[in-house]
Amino acid sequence: MAQSFDVVVIGGGPGGYVAAIRAAQLGLKTACVDEWRGADGKPALGGACTNVGCIPSKALLQSSENFEQAGHHFAEHGVRVKGLELDLAQMLRRKDKVVKANNDGIVYLFKKNKIAFFHGRGSFAKAGADGCEIAVKGAQNETLAAKNVIVATGSNPRALPGTEFDEKLILSNTGALEIPEVPKRLGIIGAGVIGLEMGSVWRRLGSEVTILERQGAERRLRQTHCFNRPAAEYGRHQCRSRGTEAR
Ligand SMILES: Cc1cc2nc3c(=O)[nH]c(=O)nc-3n(C[C@H](O)[C@H](O)[C@H](O)COP(=O)(O)OP(=O)(O)OC[C@H]3O[C@@H](n4cnc5c(N)ncnc54)[C@H](O)[C@@H]3O)c2cc1C
């Protein structure tokens with residue numbers, strides 16, 4: 001027989017897990033279904049943000065900033081560093097550890113709020129006046145009866161026609177967060193926040209970065225940097241003065 005819930009949330013990213021926690025806090029019997037798997041093949045709650053987005057990108061931004069500070073700015077403060085070396089494998093390991101801590105943090109919050117977690121792909125099996133049946137396809141197939149369903153399935157990176165992501169030469173955000181060696185040159189298509197973040201990380205670690213933007217770099221940077229012109233000029237200046245070319 002199907003397990004019954006007041007709310008079933010499909011998707012365990014920031015949209016889904018926060019909704020699940022809030023529903024449970026409001027006294028509703030809640031389940032969350034998510035299909036993400038980490039590099040170890042195990043469930044990894046947190047969606048794109050935790051696994052291949054906000055969290056790992058900020059971990060690498062911090063690490064690369066430290067590297068750049070030590071290499072270029074500490075001396076100005078009277079701090080001399082001799083024999084500075086980049087250990088990229090360790091930097092990537094630390095990033096993975098930060099991600100895992102966040103995955104585990106969400107598992108803890110689910111347990112604390114008594115949210116049932118089902119790992120697998122959720123889909124609508126039936127809908128009626130009293131609610132829906134959600135089929136979960138995973139290691140174990142389950143059917144959940146839900147009075148209410150929240151769909152928080154997020155988004156996927158969009159490849160350009162003819163250039164599918166192989167995560168080696170053509171990278172999405174997933175590949176850009178785990179390049180095993182600092183590339184000599186890196187082209188980034190799109191001067192949105194993600195492009196600029198990834199560009200900053202690899203430029204700080206030694207890549208020559210070129211960002212291509214169809215709207216015109218000036219306009220896009222203006223949108224990215226809080227919609228105002230001085231900020232756009234600042235963004236462009238920052239890119240140039242830090243060795244990133246924006247076109
Ligand atoms: C490099 C990078 C940096 C970013 N930095 C920031 C930042 O600093 N600040 C910020 O606010 N945003 C940032 N973002 C954007 C942020 O990651 C997204 O806005 C956020 O992840 C969207 O959350 P979501 O819950 O809607 O979807 P997602 O995080 O995509 O989660 C959706 C989840 O649903 C699961 N799913 C999908 N379909 C099904 C199904 N049928 N059954 C079961 N599970 C399913 C997916 O596996 C996934 O786990 C960044 C993104 C990237 C790529």
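Below or above, wherever it landed, is the structure these notes cover. Quantities reported herein were computed from a predicted structural model and do not represent experimental measurements.

Focus on the site of the ligand
- Not every one of the 26 residues close to the ligand is listed here, only the nearest: Gly11, Gly13, Gly47, Gly53 and Gly154.
- Put simply, the parts of the chain that give the shell around the ligand at least two residues each are helix H1 (14–25), strand S2 (30–34), helix H2 (47–52), helix H3 (54–73), strand S4 (121–128) and helix H6 (193–204).
- In terms of residue class, the shell around the ligand is made up of 9 nonpolar, 13 polar and 4 charged.
- Shared between two domains, the shell around the ligand holds at least three residues of each, these being domain 1 (1–155) and domain 2 (173–246).

As for unusual backbone geometry
- In this structure, Lys114 takes a positive phi of about 55 degrees despite not being glycine.
- Checked against the element boundaries, Lys114 lands in the loop between helix H4 (88–112) and strand S3 (116–119).
- Judged by the 9 C-beta atoms lying within 10 Å of it, Lys114 is exposed.
- Of note, the phi angle at Glu167 is positive, near 60 degrees, even though the residue is not glycine.
- Assignment of secondary structure puts Glu167 in the loop between strand S6 (142–151) and helix H5 (173–176).

Examining the nonpolar core
- Counting 23 residues, the largest nonpolar core has Val8, Ala20, Ala31, Cys32, Val33, Ile134 and Leu144 as the members making the most contacts within it.
- Only strand S1 (3–10), H1, S2, H4, strand S5 (131–137) and S6 provide two or more residues apiece to this core.
- In this view, Val8 contacts Ala31, Val33, Ile134, Leu144, Ala146 and Val149; residues no more than four positions away in its chain are not counted.

Description of the sheet that holds S6
- Read from one edge to the other, the open sheet built from 6 strands follows the order S3-S2-S1-S6-S5-S4, with strand pairing classed as mixed. Lying at the two open borders of the sheet, with one neighbouring strand each, are S3 and S4. Taken pair by pair, the neighbouring strands of this sheet meet at an average axis angle of 40 degrees, ignoring direction.
- Pairing of S5 with S6, which is carried by 5 bridges, proceeds in the antiparallel orientation. When the bridges of S6 are listed, Glu133 appears paired with Ala145.
- Across the sheet, H1 touches S1, S2 and S6, and the angle it forms with S2 is around 170 degrees.

Thresholds, definitions, all that
- Residues numbered from 1 in each chain as written.
- Predicted model: local features only at pLDDT ≥ 70, side-chain atom pairs only at ≥ 80, totals over all residues.
- Near = placed C-beta within 6 Å.
- Helix = DSSP H or I, 4+ residues; strand = E, 2+ residues; numbered from the N terminus.
- Nonpolar A, V, L, I, M, F, W, Y, C, P; charged D, E, K, R; others polar.
- Domains from an automatic or database assignment.
- Buried ≥ 20, exposed ≤ 12 C-beta atoms within 10 Å, placed from the backbone.
- Core = buried A, V, L, I, M, F, W, Y, C linked by C-beta atoms within 7 Å.
- Contact = placed C-beta atoms within 7 Å.
- Pairing = 2+ DSSP bridges.
- Axes fitted to C-alpha atoms, helices over the stretch in contact; angles between N-to-C directions.

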